[in-house]
Amino acid sequence: MSAKARLQTMQLLVGVGVVALWAFANAFDLATSILPPIVDVGRQFFAVLARPEFLSGFGATVFDAARGLLIAALLAIPLGVLIGMMPKLEVATRVLVDFGRSFPVIALLPVLVLLLGATQTMKVVAIVIACFFPILLQSIYGARNLDPTIVDTVRSFRIPAHLRFFKVLLPAAGPFIATGLRIATTVSVLVAVGVEIVSVTPGIGREIAFSRSYNETATTYAYIIYAGLLGVVLTLLWDLAEARLLRWHSRSKVE
């Protein structure tokens, strides 16, 4: 059995184990106030697909998460590379960056709702703020860890600034930036769903909040599972895109 097959088998066994523990808890009436019958959750997992609000909510979450992630990337990558290129600027902004990445976005929701209302724009702004700092940090690390030989070569040939940025710095920092984007992809979904639950803006989170308020616990868990699967699928898609975009980096690691 190959290493990949063993890994997939272990992942499958973990999933089966979680389902078995859930069924065991239901059979012996353990945590009944928290865990609904797994059969009911499985039934609702497929039943919600027929609801018109499922597709609209699912689409709203994906669309807003993607918009927030894209805007954060467009802002954070150039700024991070610029900061990483300039050691003095990196030292000067270190405290501000550390504060920003540690600050919980959920604490800003009252202010964002006051300024923008409980709208999708507010949700996108929250996603941008949450995704900005992981991408920024990785971009800084990538630019800061540039091979000194490459730096000396660029200086020796006096390569123009715009070519140095797009042809040297960005490709060299690519693996670090890709890591930041992978982290931000998951964060975008988490924040989108969380904001939807709190502010009741359109999305999977709003359906979770509504089903819980209607005491449809099994439906709530079904939506939660879909939210988790969305994060898994987006991460897998990003891994495929990263493998294609950074094939040279993958080959260098193998060699």
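Residues numbered from 1 in each chain as written. Predicted model: local features only at pLDDT ≥ 70, side-chain atom pairs only at ≥ 80, totals over all residues. Heavy atoms only, no water.

## Examining unusual backbone geometry
Most of the time, phi is negative for any residue but glycine, and the peptide bond is trans. Within the chain, Val-200 stands out as a residue other than glycine whose phi angle is a positive 55°. Among the structural elements, Val-200 can be located in the loop between α8 (161-199) and α9 (204-213). Positive phi outside glycine occurs at Asn-215, with the angle close to 65°. Mapped onto the elements of the fold, Asn-215 is located in the loop between α9 and α10 (217-245). (Helix = DSSP H or I, 4+ residues; strand = E, 2+ residues; numbered from the N terminus.)

## Side note on the packing of aromatic side chains
Within the structure shown, the criterion is met by eight aromatic pairs. Through a chain of ring-to-ring contacts, the aromatic side chains of Phe-45, Phe-46, Phe-54, Phe-58, Tyr-223 and Tyr-226 assemble into a single cluster. (Phe/Tyr/Trp six-rings, centres within 6.5 Å; stacked < 30°, edge-to-face > 60°.)

## Observations regarding helix α6 (residues 120-144)
End to end, α6 covers 36 Å across 25 residues, agreeing with the expected 36 Å (1.5 Å per residue, within 8%). Summarising burial for α6: 18 of the 25 residues are buried, a large majority. (Expected span 1.5 Å × (residues − 1). Buried < 20%, exposed > 50% of the residue type's maximum accessible area, 1.4 Å probe, protein only.)

## Structural notes on the confidence of the model for the chain
For the chain, per-residue confidence averages 84 on the pLDDT scale, and 93% of positions sit at 70 or higher. Note on residues 251-255: pLDDT is under 50 here. Beyond four places in sequence and across chains, it has zero contacts. (pLDDT = per-residue confidence, 0-100. Contact = heavy atoms within 4.5 Å.)

## Some remarks on the side chain of Thr-61
You can see Thr-61 is positioned in helix α3 (residues 52-85). You can call Thr-61 buried: its relative accessible area is 0%. Within the structure, the side chain of Thr-61 is placed 2.8 Å from the backbone nitrogen of Ile-204, a separation counted as a polar contact. (Polar contact = N/O pair within 3.5 Å; in protein donor to acceptor, adjacent residues only side chain to side chain.)

## Observations regarding the packing of helix α5 (residues 109-116) against α6
Direction vectors running N to C along α5 and α6 enclose 140°, while the axes themselves pass 9 Å from each other. Here α5 lies oblique to α6, going by the angle between them. For the crossing formed where α5 meets α6, the hand is right-handed. Two secondary-structure elements touch here, α5 through Leu-109, Leu-112, Val-113 and Leu-116 and α6 through Thr-121, Met-122, Val-125 and Ala-126. (Axes fitted to C-alpha atoms, helices over the stretch in contact; angles between N-to-C directions. Parallel < 35°, antiparallel > 145°, perpendicular 65-115°, else oblique. Left-handed = near helix turned anticlockwise from the far one by under 90°.)

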